[in-house]
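So you can see what is in the structure, the chains are spelled out below.
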Number of protein chains: 2
Amino acid sequence: MKYQNDIILRAARGEQVERVPIWLMRQAGRVLPEYKATRSRAKNFVEFVKNPDLAAEVTIQPVDILGVDAAIIFSDILVIPEAMGLPYQMIEAKGPWFENTLTSKSDIDALRIADGNDLSYVIKAIELSKKGLNNRVPLIGFAGAPWTIFAYMVEGSGSKTFSQAKKFLYQQPQLAHEALEKITQSTINYLKAQVAAGADMIQIFDSWAGVLGQEQYKTFSLHYISKICNELSPIVPVTVFAKDAHFALADMAVLSCNTIGIDWTINPQDARIIVGHQKTLQGNADPCLLYAEECVIEQEARKMIQAFGKQRYIANLGHGLYPDTEKHKVKFFIDCIKSL
Amino acid sequence: MKYQNDIILRAARGEQVERVPIWLMRQAGRVLPEYKATRSRAKNFVEFVKNPDLAAEVTIQPVDILGVDAAIIFSDILVIPEAMGLPYQMIEAKGPWFENTLTSKSDIDALRIADGNDLSYVIKAIELSKKGLNNRVPLIGFAGAPWTIFAYMVEGSGSKTFSQAKKFLYQQPQLAHEALEKITQSTINYLKAQVAAGADMIQIFDSWAGVLGQEQYKTFSLHYISKICNELSPIVPVTVFAKDAHFALADMAVLSCNTIGIDWTINPQDARIIVGHQKTLQGNADPCLLYAEECVIEQEARKMIQAFGKQRYIANLGHGLYPDTEKHKVKFFIDCIKSL
């Protein structure tokens, strides 16, 4: 066995496991004081992401401190727009902000197709993380889904509705497809470089899936996620997590991926019926559960495992950890899952 | 017949209709230049809402200008917290903001149970609107669902996650129920006063349903919506619209209400199967559809009516109109539905 602990890889591949594996979205960052200490050594968020030593340090922290079954490379989904020619800033308490956005054909023509060389700082961070992990647990690589990346590139910031990005789909669908195709090619290049550098699994995050209806989601998002899955899944296990995409589960069931992540608004038993038994499910605790008392956390963790079952399942939250979650509650939740 | 056009009331009650009735959430306000002219006569949004003459004026505008089959009283769901003792401001381009929020038992003990007298400006606006409408079309009254009102009263502003409001549910569930009960009683009083003043139908808006999981939604939201339905539906048709509550449709099917509103992420045929044939469905065009060219709007309007069918159906959007929608596109969509 290559890893001291490879339970998450076995769960993703549908092999028998002796207990439920667990990792948490946003485990690297946000809730650990150790993260904040490392973070303070960089000038700003974007510089932090671009510093491979610091990124590797916070990637490994949750393995040491929280005891999760996988590390996930510390980075941001918006490194892809930057590599394609649209740089961003991360504004404190506000989120990402792009000075330039996609509005016209010339904006899209000007986008470059990125590859691993454009994102060498992430590749370097993966190599350093692998060294630091020293085969204790696998390392997860990741990228945003093309639709989510496109949504930020058009909208220029976060949004409750992403109405400007959706306006683009309704008014200039062909141009949207051109942009999405370029983002998809860049993402495939980027993820292959992550795997070459040592990433053992890949997760695709479609954070803004839920603003689209079923038909637009198929056309403008799943079509491109599917291309990524087809390229990556022959080489590593792939997880697709589309937040709030309850309407797309049946379509996701036929993706060439190993694992489907679901959020806490989706009933695990319903998801299993729709997705079938050929895929692993991942999720789906409400991040706010970790505000509760320990007895409530334990009770809900137990219910979650009963609902998903112990095989073909990776425990996680249904979204990233919230910044004001207490570290000891996070640790308690992880220990609960591992002991149940 | 009391009204020149009562097609929406007939559709809500499940009576035969000759065409599909339509109104649009946020039809009063946002997209009409006429609205903006009236709005400019008030000092700020809250003063505008509190001015019965101005509120009645913008309530009637969409009937004259857009030709919708119902008016909805122009107001805000946050008048209830204000009447209970938590005033709010509406900050331009940011949304609502509360100086004081609910954090402790004493905050909740201090809340008053409001009644129609506390909201006499809305009641007066309803009376003026009825006079101005002069029986052309029915008037819809409304209130926020108790969970959504509670969420604002704890969070103090809009939020993507409403994590502070949800933290309250996880940490102080009993206290949350005390607050929700007071909000529910206030809402029942308020809606009964709206009906006494002339509201012909009532819609309950649960704007933040989608941040809760299925079980919490039943306990902390549907339980209270059900109480409101039980009190109101014997006197007028009641519509419940819970945004993003795909997981709650089966539970909503047993509410004592006439109509269930759905958003564009829910497939109309699936909704019909889950809800059954004893209720009217309302919705569910994506507000961003109105950014598209007219041929696309027409094609999607046609598909929507085919999916819902013409009986037991009220056409609407799946959320409120977005502010940058062009008036002529809104009018075109309404005309399409009426002519199909």
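On a predicted model such as this, the values are computed, not experimentally measured, just so you know. (Residues numbered from 1 in each chain as written. Chains lettered and ligands numbered in written order. Predicted model: local features only at pLDDT ≥ 70, side-chain atom pairs only at ≥ 80, totals over all residues.)

Asker: Honestly, the overall build of chain A in this entry has me stumped. Any pointers?
Answerer: Of the regular secondary structure elements, chain A holds 15 helices and 9 strands. Relative to the 2.2 N^0.38 estimate, which gives 20 Å for 340 residues, the radius of gyration of chain A is 19 Å and therefore close to what a compact globule would have. For chain A, with 340 residues in total, the buried portion stands at 55%. At a minimum sequence separation of 6, the contacts of chain A that also span at least 24 residues come to 75%. (Helix = DSSP H or I, 4+ residues; strand = E, 2+ residues; numbered from the N terminus. Rg over C-alpha atoms; globule rule 2.2 N^0.38 Å. Buried ≥ 20, exposed ≤ 12 C-beta atoms within 10 Å, placed from the backbone. Contact = placed C-beta atoms within 7 Å.)

Asker: What exactly am I supposed to notice about unusual backbone geometry here?
Answerer: Across the chain, the bulk of peptide bonds are trans and the bulk of non-glycine residues have phi less than zero. Cis geometry is adopted by the peptide bond preceding A:Asn284, which originates at A:Gly283 and carries an omega value of -10°. Within the secondary structure layout, A:Asn284 lies in strand E8 (residues 280–285). Although it is not a glycine, B:Arg30 adopts a positive phi angle of roughly 75°. Relative to the helices and strands, B:Arg30 resides in the loop between helix H1 (7–13) and helix H2 (33–39). Look at B:Asp244: it is not a glycine, yet its phi comes out positive at around 65°. For B:Asp244, the position within the fold is in the loop between strand E6 (238–242) and helix H12 (249–252).

Asker: Please explain the interface of chain A and chain B as it appears in this structure.
Answerer: A common way to state how big an interface is: give the accessible area lost once the parts meet. Residue-level contacts link 23 residues of chain A with 23 residues of chain B. Residue contributions to the side of chain A that touches chain B peak at 5 residues, all from helix H9 (residues 163–171) of chain A. Residues that form the side of chain A that touches chain B fall into these classes: 10 nonpolar, 9 polar and 4 charged. (Nonpolar A, V, L, I, M, F, W, Y, C, P; charged D, E, K, R; others polar.)

Asker: Explain the sheet that holds strand E5 (residues 201–206) of chain A here, please?
Answerer: Sheet strands pair by backbone hydrogen bonding; their relative direction is either parallel or antiparallel. Residues and elements named next belong to chain A. Taken in spatial order, the 7 strands of this open sheet run E1-E4-E5-E6-E7-E8-E9, and their pairing is parallel. Of all the strands in the sheet, just strand E1 (71–72) and strand E9 (313–317) have a single pairing partner and so form its edges. Across 2 bridges, the pairing between E1 and strand E4 (residues 139–144) is parallel. Each residue of the ladder has a partner; that of isoleucine 72, found in E4, is isoleucine 140. Seen against the sheet, helix H10 (residues 173–197) touches E4 and E5 and runs at an angle of roughly 170° to E4. (Pairing = 2+ DSSP bridges. Axes fitted to C-alpha atoms, helices over the stretch in contact; angles between N-to-C directions.)

Asker: Where do I start with the relation of the copies chain A and chain B in this structure?
Answerer: Superposition of the two copies of the chain requires a rotation about an axis together with a shift along that axis. Laying chain A over chain B is done by rotating through 180° and shifting 0.0 Å along the axis; what remains is an RMSD of 0.0 Å. When the rotation and shift are considered jointly, the pair of chain copies conforms to a two-fold rotation axis. Nearest to the rotation axis, the C-alpha of A:Lys160 is located 3.4 Å from it, this being the minimum over chain A. A share of 100% of the interface residues of chain A reappears at the interface of chain B, consistent with the copies meeting face to face through the same patch. (Least-squares fit on C-alpha atoms with pLDDT ≥ 70 in both.)

Asker: Which parts of the structure should I look at to understand the packing of helix H10 (residues 173–197) of chain B against helix H11 (residues 214–232) of chain B?
Answerer: Packed helices, taken two at a time, are described by their axes: the angle between them and the distance between them. All names here are of chain B. Running from N to C, H10 and H11 point in directions that differ by 25°, and their axes come no closer than 10 Å. Taken as axis vectors, H10 and H11 run roughly parallel relative to one another. Helix-helix and strand crossings are classified by hand; for H10 and H11 the assignment is right-handed. On the side of H10, the interface is formed by Ala176, Leu180, Thr184, Thr187, Ile188 and Leu191, while H11 contributes Phe220, Tyr224, Lys227, Ile228, Glu231 and Leu232. Class assignment for the residues of the contact of H10 with H11 results in 8 nonpolar, 2 polar and 2 charged. (Parallel < 35°, antiparallel > 145°, perpendicular 65-115°, else oblique. Left-handed = near helix turned anticlockwise from the far one by under 90°.)

Asker: Got a minute to help me understand the confidence of the model for chain A in this structure?
Answerer: Any segment with low pLDDT has predicted coordinates that should not be analysed in fine detail. When the pLDDT values of chain A are averaged, the result is 97; 100% of them are 70 or greater. At the level of chain-chain contacts, confidence expressed as ipTM amounts to 0.95, with global pTM at 0.97. (pLDDT = per-residue confidence, 0-100.)

Asker: Mind showing me how you'd approach the sheet that holds E6(B) here?
Answerer: All names here are of chain B. Pairing in this open sheet of 7 strands is parallel, and the strands run E1-E4-E5-E6-E7-E8-E9 from one edge to the other. The two strands at the open ends of the sheet, each matched to only one other strand, are strand E1 (71–72) and strand E9 (313–317). When strand E4 (residues 139–144) meets strand E5 (residues 201–206), the two strands line up parallel, connected through 5 bridges. Looking across to E5, one finds that glycine 141 is bridged to isoleucine 202.

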